[in-house]
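Each chain is listed here by its residues.
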Amino acid sequence: MKLIAACAASVCASAALAQTSGWPDKPVRIVVPYAPGGTTDYAARQIAQKLTEQTGKSFFVENKTGASGTIGTNAVAKAAPDGATFLTNDTTYAMLPSLFAKLPWDHANDLVPVTTIAQTPVVLVVPAASPYKTLPELLAFAQKNPGKLNFGSAGNGSSTHLAAELFKKEGKLFITHIPYKGAGEAMLGVMSGQVDILITASPTAIPVVKGGKVRALAVTGDKRLASLAEVPTFKEAGLPSYAVTNWFGLAAPKGTPPEIVAKLQAEVKKALADPGFQERLAQQGAAPGGMSSADFGQFVKQQTQSWGAVAKAAGVKPE
């Protein structure tokens, strides 16, 4: 009986190995839980294109939007764990437990972290005609005139909202929140002068800063961005305690074979090592990712805790 059981286990292991060694054996869907055109969508499409080139198999992006990304995320959490469906998650994913009293999936367990695609700093921008030329000028006015300035965001509980709430906390400011229906609309609010301040991901900010449509006052990170070399870091500008990073990664449905997770992580890491790919990321102010699955899992856990504290301090009430 022991021999029969051992043989059966061996056959099962061989079958599982055969199933995963040929992966991908069909088109792979990468779900982006937001509308096309945003930074998360850009990151997903860049990596999907590169993975298609590397493997000779089809990796394609599907946008499944709504409810702060929960609709698309839940769809992936409930998808078959066969290596045919993955999620592009991001900073907002770590904020979801603070925004919703109950999520339709288990935030900690129903998705398997695969790896990070990229990390980007955030940039504080003001209208091109703003009287504030530097961050110290902006802080000085805002501190002396509570409630006189406002900030825009992509919506209540979005990464742009909580990034600004952290800025308020670190700068000891009272500025009014103006939520929009997306990061694009919020940027239009700054460009039109309806919004005084917006803190957004570098890929969103760089084109409009370079186009002279808004002015950048500071960028997070330890060093300046090559693409915005004239813009100081928050540390250089006098607010060293303000540190925010936007990140973008891939996750799989619970139960996806570890061999597939490991193979995808290796393919992404290979893609990120390509000089041409790195150059495209650098132009957006992004640094390549490539974390191991275990490290990414710990990172998401830490991010969820830290953003939860920000949301609580900002008085964000779960819906």
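As shown above, the structure is provided for reference.
Residues numbered from 1 in each chain as written. Predicted model: local features only at pLDDT ≥ 70, side-chain atom pairs only at ≥ 80, totals over all residues. Heavy atoms only, no water.

Colleague: I would appreciate a short explanation of helix 7 (residues 183-192) in the present structure.
Modeller: Side chains of residues three or four places apart in an α-helix project in the same direction, reflecting 3.6 residues per turn. Ala186, Met187, Gly189 and Val190 are the residues of helix 7 that are buried. Buried residues of helix 7, seen end-on, are gathered within an arc of 150 degrees and therefore sit on one face of the element. Of the surrounding elements, those touching the buried residues of helix 7 are strand 4 (111-127), strand 5 (150-153), strand 7 (198-201), helix 8 (202-210) and strand 8 (214-219). A positive phi of about 90 degrees marks Gly193, the residue just after helix 7. (Buried < 20%, exposed > 50% of the residue type's maximum accessible area, 1.4 Å probe, protein only. Helix = DSSP H or I, 4+ residues; strand = E, 2+ residues; numbered from the N terminus. Arc of directions from axis to C-beta. Contact = heavy atoms within 4.5 Å.)

Colleague: Looking at this structure, how should I read the nonpolar core?
Modeller: The tendency in soluble globular proteins is for nonpolar side chains to be buried as a group. Grouped together as the largest cluster of nonpolar side chains are 48 residues, with contacts concentrated most on Leu124, Leu135, Leu138, Phe167, Ile199 and Tyr242. Counting residues per element, this core draws most heavily on helix 12 (residues 293-313), at six residues. Those residues in contact with Phe167 that sit more than four places away from it in its chain are Leu124, Leu135, Leu138, Leu139, Leu173, Ile175, Ile199, Phe234, Leu239 and Tyr242. If you look at the next biggest cluster of nonpolar residues, it comprises 27 residues, including Ala44, Ala48, Ile260 and Leu281. (Core = buried A, V, L, I, M, F, W, Y, C linked by side-chain atoms within 4.5 Å.)

Colleague: Please clarify how the packing of aromatic side chains should be interpreted in this entry.
Modeller: The geometry of two aromatic rings is summed up by the distance between their centres and the angle between their planes. Under the definition given, this model contains nine aromatic pairs. Centre to centre, the rings of Trp23 and Phe86 are 6.2 Å apart; their planes meet at 75 degrees, and the pair counts as edge-to-face. Note that Trp23 is positioned in the loop between helix 1 (2-21) and strand 1 (28-32) and Phe86 in strand 3 (residues 85-90), a separation of 63 residues in sequence. We classify Trp23 as buried; its relative accessible area is 4%. Judged by centre distance (6.4 Å) and plane angle (65 degrees), the rings of Phe167 and Phe234 are edge-to-face. Of this pair, Phe167 sits in helix 6 (residues 159-171) while Phe234 sits in helix 9 (residues 234-237), placing them 67 residues apart in sequence. The exposure class of Phe167 is buried, given its relative accessible area of 1%. One aromatic cluster is present, built from ring pairs that chain together Trp23, Phe59 and Phe86. (Phe/Tyr/Trp six-rings, centres within 6.5 Å; stacked < 30°, edge-to-face > 60°.)

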